[in-house]
Amino acid sequence: GDSVTQMEGPVTLSEEAFLTINCTYTATGYPSLFWYVQYPGEGLQLLLKATKADDKGSNKGFEATYRKETTSFHLEKGSVQVSDSAVYFCALFNTGTASKLTFGTGTRLQVTL
Amino acid sequence: DAGVTQSPTHLIKTRGQQVTLRCSPKSGHDTVSWYQQALGQGPQFIFQYYEEEERQRGNFPDRFSGHQFPNYSSELNVNALLLGDSALYLCASSLDVFYGYTFGSGTRLTVV
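Given the structure is predicted, the values throughout are model-derived calculations rather than measurements.

Student: What is the right way to look at the nonpolar core in this model?
Tutor: One recurring pattern in soluble globular proteins is that nonpolar side chains are buried together. Counting 25 residues, the largest nonpolar core has L19, W35, L48, F73, L75 and Y88 of chain A as the members making the most contacts within it. Among the secondary structure elements, those contributing two or more residues to this core are β2 (11-14), β3 (19-21), β4 (23-26), β5 (32-38), β6 (44-50), β8 (62-65), β10 (86-93) and β12 (107-112) of chain A. Ranked by residue count, the leading element in this core is β10 of chain A, at 4 residues. What L75 of chain A contacts, discounting residues up to four positions off in sequence, is L19, T20, I21, W35, L47, L48, F62, E63, A64 and Y88 of chain A. By size, the runner-up hydrophobic cluster in this structure holds 19 residues, among which are C23, L76, L81 and A87 of chain B.

Student: So what exactly am I meant to see when it comes to the sheet that holds strand β3 (residues 19-24) of chain B here?
Tutor: In a beta sheet, neighbouring strands pair by backbone hydrogen bonds and run either parallel or antiparallel. Residue and element names in this part refer to chain B. A sheet is described by the order of its strands in space; here 4 strands give the open sequence β1-β3-β8-β7, paired in antiparallel fashion. If you trace the sheet from one side to the other, it starts and ends with β1 (5-7) and β7 (64-68), each paired once. Geometrically, the sheet is characterised by an average inter-axis angle of 20° between neighbouring strands, direction not taken into account.

Student: Whenever I open this one, the packing of aromatic side chains confuses me. Can you help?
Tutor: Each aromatic ring pair is summarised here by two numbers: the centre-to-centre distance and the angle between the ring planes. For the coordinates displayed, the defined rule picks out 13 aromatic pairs over all chains. Pairing F47 of chain B with Y49 of chain B gives two aromatic rings, centres 5.3 Å apart and planes at 85°, and the pair type is edge-to-face. The exposure class of F47 of chain B is buried, given its relative accessible area of 0%. Exposure remark for Y49 of chain B: the relative accessible area of 5% places this residue in the buried category. Members of the aromatic cluster, connected to one another through ring pairs, are F34, Y36, F89 and F103 of chain A together with Y35, F45 and F103 of chain B. Above the ring of Y50 of chain B, the side-chain terminus of R55 of chain B is found at 4.6 Å from the ring centroid.

Student: Could you clarify how one ought to interpret the interface of chain A and chain B in this entry?
Tutor: How big an interface is tends to be reported as the loss of accessible area on association of its parts. Taken together, the contacts link 21 residues of chain A with 20 residues of chain B. For the pair chain A and chain B, the two sides together bury roughly 1,500 Å², of which 60% comes from carbon and sulfur. Taken together, the links from chain A to chain B amount to 0 salt bridges. Applying the counting criterion to the chain A and chain B interface returns 3 residue pairs in polar contact (both at pLDDT 80 or more). Elements supplying a minimum of two residues to the side of chain A that touches chain B: β5, β6, β10 and β11 (101-103) of chain A. When residues of the side of chain A that touches chain B are assigned to their parent elements, the largest contribution, 4 residues, is made by β5 of chain A. A per-class count over the side of chain A that touches chain B returns 9 nonpolar, 9 polar and 3 charged.

Student: Looking at this structure, how should I read the sheet that holds strand β7 (residues 56-59) of chain A?
Tutor: Residues and elements named next belong to chain A. Ordered in space as β3-β9-β8-β7, the 4 strands form an open sheet in which the pairing is antiparallel. Two strands lie at the open edges of the sheet, namely β3 and β7, each paired on one side alone. Averaged over all adjacent pairs, the angle separating strand axes in this sheet is 15°, with direction ignored. The sheet contact formed by β3 and strand β9 (residues 75-77) spans 3 bridges and is antiparallel. Bridged to T20 within β9 is E76.

Student: What's the story with the pattern of salt bridges in this structure? I'm lost.
Tutor: A side chain with one charge may pair with a side chain of the opposite charge, provided their charged atoms come close. Residues and elements named next belong to chain B. Under the counting rule described, the total for this entry stands at 6 salt bridges over all chains. The residue E75 makes a salt bridge to R22 at a minimum N-O spacing of 3.4 Å. Placement of E75 in strand β8 (residues 74-78) and of R22 in strand β3 is noted, with a sequence separation of 53 residues between them. You can call R22 partly exposed: its relative accessible area is 42%.

Basis of the calculations
- Along each chain, numbering runs from 1 in the same order as the chain's sequence is written.
- As a convention, the first chain written is A and the first ligand written is 1, with the rest following in written order.
- Owing to the predicted nature of the model, reporting of local features is limited to residues with pLDDT of at least 70; listing and counting of side-chain atom pairs is limited to 80 or more, with chain, interface and lining totals taken over all residues.
- To get the side-chain values, all heavy atoms of the structure are used, and hydrogens and water are removed first.
- Among the buried residues, those of types Ala, Val, Leu, Ile, Met, Phe, Trp, Tyr and Cys that are joined through side-chain atoms within 4.5 Å form a nonpolar core.
- Exposure is judged per residue with a 1.4 Å probe applied to protein chains only, and the accessible area is read against the type maximum: over 50% gives exposed, under 20% gives buried, and values in between give partly exposed.
- Note on conventions: DSSP H or I runs of at least 4 residues are helices, E runs of at least 2 residues are strands, and numbering of each starts at the N terminus.
- Note on contacts: a residue pair is in contact if any heavy atoms of the two residues lie within 4.5 Å.
- Strands were regarded as paired on the criterion that DSSP finds at least two bridges between them.
- Only the stretch in contact is used when fitting a helix axis, every axis being a line fitted to C-alpha atoms; angles between N-to-C directions are given from 0 to 180 degrees.
- Aromatic rings from Phe, Tyr and Trp, taking only the six-membered ring of Trp, are treated as a pair when their centres fall within 6.5 Å; an angle between ring planes under 30 degrees marks them as stacked, one over 60 as edge-to-face, and anything in between as tilted.
- In this scheme, Lys NZ or Arg CZ marks a charge over a ring once it lies within 6 Å of the ring centre and within 35 degrees of the ring normal.
- By convention, the term buried area covers the 1.4 Å-probe accessible surface removed from two parts as they join, with the contributions of both added.
- A carboxyl oxygen of Asp or Glu within 4 Å of a side-chain nitrogen of Lys or Arg is what we treat as a salt bridge.
- N or O atoms closer than or at 3.5 Å make up a polar contact, with two conditions inside protein: a donor-capable atom paired with an acceptor-capable one, and, for residues adjacent in sequence, both atoms drawn from side chains.
- Under the scheme applied here, ten amino acids are nonpolar (Ala, Val, Leu, Ile, Met, Phe, Trp, Tyr, Cys and Pro), four are charged (Asp, Glu, Lys and Arg), and all others, including Gly, are polar.

Take a look at the structure:
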């Protein structure tokens, strides 16, 4: 079945550092890929998405490129802020198998001054 | 424009009891999905409702049931609660899934 694997956290960075959170997936067909962010005590917010190979999703300085050859969708940001501290979830949606999102286990990011 | 609204925000129940959680989707959205998020884990799909019918179901026992009303709002019912049902329950709505789901803030259920 479909699955998503994320790097384990927590990831601790100083403000203005470069961020990479790795995400790889296993799926049949051509899934759409998403990054969601969860701030403390809140639900999930869609951060960015990509629907086909080589698409780059971007939002609020975050970027991720859909790499079908490596089945990856790594999240990057050039300069993190304290306000970026949250849990980040990689997810896929595969119309070929189900009408659901399959999530990774999440990666906690903590940014310090 | 209100997003997805869930109620209650927190709930404490005793083992063996039954619970009902409620969700109002974002305006214009006709599909509602429910997810269970255990502490430190990613959300797990419970089921999805469209046109008042269960369209897809995840790997959850029959103790978990749901309903969708004509106004697209939805309920999640859990019977015979177990300690392991303690989790954050998230409702997500969508119109076209390719644009992504809109999630509510969730209901934190604690079973004691």
